[in-house]
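Residues per chain, in single letters:
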Amino acid sequence: MLARPAMQTPRLLARTSIRGSRLAKRSLVQLRAEKVAAGSKLGALKAFLSAAGGLLLRRSKSSRLQDLGSVSGKDFVLRARAEKSPIAVDEEGELDLNPGGEDLHVLLAGREDHDYFCSPVPLRLRFFGQVPEVRVGGQLAFPLVGADRRLPKAFWDTFAAQGAGHDVAELLRAVRAFLLDPAGYLGLADSEAPEARRLQTWCRDAARLNGARLDVVRKYRPQARFPELFDASTLRPEWFPAETWQCLNPGLEGPADLVAWSRILTEHAPKEVYSFPLFTEEFCDMLLEEVFHFYSTGLPARRPNSMNNYGIILSDIGLEPFIDQLQGLLQPMGRELFPGPGSLWDGHHCFIVRYREGEDLGLDMHTDDSDVTFNICLGLDFQGAGLQFCGQVGSPEHRQHALTYQHRKGHCVVHLGKKRHGADDITQGERLNLILWNHSSEYRKSRGYRMPPYAKESAAPDKVCLSYTHDRDFGTFKDYPEGKGHFRGRGWCPPTQAEYPGFKPEMFRASKPR
């Protein structure tokens, strides 16, 4: 049911980051059994292959972040910020919104001559025990960094063997060295062992995967109409309405809570859907001019997700630093509006969608591959294209209509990703929106996310809430849109245990001849 990001090179992803995470799923029991069977301690290379992909640490709430001062002044640390951990998930999958640990957010410098780690990469260090959890942020793929963006056990084994202790600066230096040259850091650069050759292959695959995107970024950056959009250092106050900037800017004094934001927030559905003015019309025009200029270059662009065919992914043209800053600006609001899914974002997928005659006119009912979604209308002149909201997936009112939101230029609507919604067809003109999907790796470890409850539907669905791509009873109530008949029989919603009284699958009603 999720609208998912479009992936261009899944095989390369599998051979770099994902392959490492699969190796990590092997349990400690399996590793110990292999150790006994081998009759000797696992060697460094075997340990590297058997355990690469991630390290889960036991958490101790009594521990505290130490040696933070050692980070300041280091040329490989561009920015560092510490905060109390806003969210954690225990071993049983329970969510804790006051865990007592500490997080260190770092922007780690790359190296200009590197094939792909030439721009800064964000890290999050989480201190619950003596050794922190380290998560690699950003859009780059790194060899042996798993799909969960954790460092492999091989890194930690090597770091411990070097006797570096618990100095944060030395840890960050080691992380940077590993990301720049994993084979060299692990002592495998000159090895002819099969494991070493395999790692070298993964490194080449990562370079190709990242190079496909970075090639576009490097070619477009000199052509950019507004270089200030590509500046990683700051957002400009003039891009936002004055009152919005005053409410959202975390650097200003004053409360950052719903009391302060009530001046700009409109609540459309209690605790579920809100809107507020985010960008000035002048900034919308500037961003659109940049987008249309990119279109004019003829440079390749991936489709934004599996449901939208027209648009661009902003990170693919070099705007990842802008999105990082925007996400950071909106994070306090996410924590207040949606505790849990909005508490700690460490990933995003941000893209432009375009609707006009001859292309996508609207969007079928769906939920997002997002924990919290921000949807900002950039313009242009259009009619129609209302945004229809129904219920939360898994709730008795999942397919009951809740509200219709009408887009306004510069205004943002924010909602949980699991809220069913869809866009009415545009009837005239052209509409472009900026969509920011925010992801929380910590929240996604929770039982509530992994095994959400799915209640029995209270009644037959409202027609406006039906999805031709997802619903088993779409044809019972409506004819399939032209060209969408191939979705007949592919639906899954509602699951059999959640069928409303009197449910009839679509086979009971034949479609009209065309």
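Naming follows an unreviewed UniProt entry, where the protein appears as Fe2OG dioxygenase domain-containing protein of Effrenium voratum. Quoted verbatim from the Cofactor (unreviewed entry) heading of the UniProt record, the comment on the protein is "L-ascorbate".

A.B. asks: Just checking my understanding: could you explain unusual backbone geometry for this structure?
C.D. replies: Apart from glycine, the bulk of residues carry a negative phi angle, and the bulk of peptide bonds sit in the trans form. Here the amide bond leading from Cys 493 into Pro 494 is cis, since omega sits at 0°, within 30 degrees of zero. One non-glycine residue, Leu 144, lies in the positive phi region at around 70°. Positionally, Leu 144 belongs in the loop between strand S7 (133-136) and helix H4 (153-161). A residue is classified by how much of its surface remains accessible, and Leu 144, at 0% relative accessible area, is buried.

A.B. asks: Would you explain the state of the cysteines in this entry?
C.D. replies: Here a disulfide denotes one covalent bond, and it connects the sulfur atoms of two cysteines. Within the structure shown, the criterion is met by one disulfide. Between the sulfur atoms of Cys 390 and its disulfide partner Cys 465 the distance amounts to 1.9 Å. Here the S-S torsion is close to -100°, and the disulfide linking Cys 390 with Cys 465 is therefore left-handed. Residue Cys 390 is located in strand S15 (residues 387-392), and its partner Cys 465 is located in the loop between helix H12 (447-450) and helix H13 (474-477); the two are separated by 75 residues in the primary sequence. In this structure, Cys 390 and Cys 465 share a single accessibility class: buried. Here Cys 377 stays unpaired: no disulfide links it, and the sulfur of Cys 284, its closest cysteine neighbor, is 7.4 Å away.

A.B. asks: Which parts of the structure should I look at to understand the nonpolar core?
C.D. replies: Looking at soluble globular proteins, one finds that nonpolar side chains tend to be buried together. With 52 residues, the main nonpolar core has Phe 276, Phe 279 and Phe 374 as its most contacted residues. Once residues within four sequence positions are removed from consideration, Phe 374 is found in contact with Phe 276, Leu 330, Met 333, Trp 345, Cys 412, Val 413, Val 414, Leu 434, Ile 435, Leu 436 and Asn 438.

A.B. asks: Would you take a moment to explain the pattern of salt bridges for this structure?
C.D. replies: It is possible for side chains of opposite charge to pair when their charged atoms get near one another. The final tally for this structure, using the stated rule, is 27 salt bridges. The partner of Arg 126 in a salt bridge is Glu 442, and the shortest N-O contact between them spans 3.6 Å. Placement of Arg 126 in strand S6 (residues 121-127) and of Glu 442 in the loop between strand S19 (426-439) and H12 is noted, with a sequence separation of 316 residues between them. The buried category is assigned to Arg 126, whose relative accessible area is 1%. Salt-bridge contacts for Arg 444 lead to Asp 371; the nearest nitrogen and oxygen are separated by 3.2 Å. A residue pair is termed long-range when its members are at least 10 positions apart, and Arg 444 in the loop between S19 and H12 and Asp 371 in the loop between strand S12 (363-368) and strand S13 (372-379) qualify at 73 residues. Residue Asp 371 is classed as buried on the basis of its relative accessible area of 4%.

A.B. asks: Which parts of the structure should I look at to understand the packing of H4 against helix H5 (residues 168-180)?
C.D. replies: Describing two packed helices takes the angle between their axes plus the distance from one axis to the other. It is at 11 Å that the axes of H4 and H5 come closest, and there the two elements cross at 130°. By the criterion of interaxial angle, the relationship of H4 to H5 is oblique. Crossing geometry of H4 relative to H5 is assigned as right-handed. Residues Phe 155, Trp 156 and Phe 159 of H4 pack against Glu 170, Leu 171, Ala 174, Val 175 and Phe 178 of H5. Residues of the contact of H4 with H5, tallied by class, amount to seven nonpolar, no polar and one charged.

A.B. asks: Explain the pairing of S19 to me, please; I cannot follow it from the model alone.
C.D. replies: The two faces of a sheet get side chains in turn, since along a regular strand they alternate between them. Counting buried positions along S19 yields eleven of 14 residues, so the element is predominantly enclosed. Where strand S11 (residues 347-356) meets S19, ten bridges bridge the pair, whose relative direction is antiparallel. When the sheet's bridge partners are listed, His 349 is paired in S19 with Trp 437. One ladder, built from seven bridges, connects S13 with S19; its direction is antiparallel. When the bridges of S19 are listed, Thr 373 appears paired with Trp 437. For strand S14 (residues 382-384) and S19, the ladder comprises three bridges, and the chain directions are antiparallel. Across the sheet, residue Phe 382 finds its bridge partner in S19, namely Gly 429.

A.B. asks: What is the right way to read the sheet that holds S7 from this model?
C.D. replies: For sheets, the rule is that strands pair by backbone hydrogen bonds, running either parallel or antiparallel. Across the sheet, four strands lie side by side as S2-S5-S6-S7; this open sheet has antiparallel pairing. At either margin of the open sheet sits one strand with a lone partner, and together these are strand S2 (77-84) and S7. When strand polarity is set aside, the average angle formed by the axes of neighbouring strands in this sheet is 20°. Bridge analysis of strand S5 (residues 102-108) against S6 gives seven bridges, and the strand direction is antiparallel. Bridging across to S6, Val 106 finds its partner in Leu 123. Taken strand by strand, H5 contacts S2, S5, S6 and S7, and its axis lies near 135° from that of S6.

A.B. asks: Whenever I open this one, the confidence of the model for the protein confuses me. Can you help?
C.D. replies: Low-confidence regions, as indicated by low pLDDT, have predicted coordinates that should not be scrutinised in detail. A residue-level look at the protein finds 81% of positions with pLDDT of 70 or above and a mean pLDDT of 83. Confidence drops under a pLDDT of 50 for residues 6-65, and excluding neighbours within four residues, the segment shows 108 contacts in the predicted structure. Note that residues 508-514 has pLDDT below 50 and, in this model, 13 contacts with residues that lie over four places away or in other chains.

Cut-offs used in this document
- Residues numbered from 1 in each chain as written.
- Predicted model: local features only at pLDDT ≥ 70, side-chain atom pairs only at ≥ 80, totals over all residues.
- Heavy atoms only, no water.
- UniProt positions renumbered as here; feature names shortened; annotations may be inferred.
- Helix = DSSP H or I, 4+ residues; strand = E, 2+ residues; numbered from the N terminus.
- Buried < 20%, exposed > 50% of the residue type's maximum accessible area, 1.4 Å probe, protein only.
- Disulfide = S-S within 2.5 Å.
- Core = buried A, V, L, I, M, F, W, Y, C linked by side-chain atoms within 4.5 Å.
- Contact = heavy atoms within 4.5 Å.
- Salt bridge = Lys/Arg side-chain N within 4 Å of Asp/Glu carboxyl O.
- Axes fitted to C-alpha atoms, helices over the stretch in contact; angles between N-to-C directions.
- Parallel < 35°, antiparallel > 145°, perpendicular 65-115°, else oblique.
- Left-handed = near helix turned anticlockwise from the far one by under 90°.
- Nonpolar A, V, L, I, M, F, W, Y, C, P; charged D, E, K, R; others polar.
- Pairing = 2+ DSSP bridges.
- pLDDT = per-residue confidence, 0-100.

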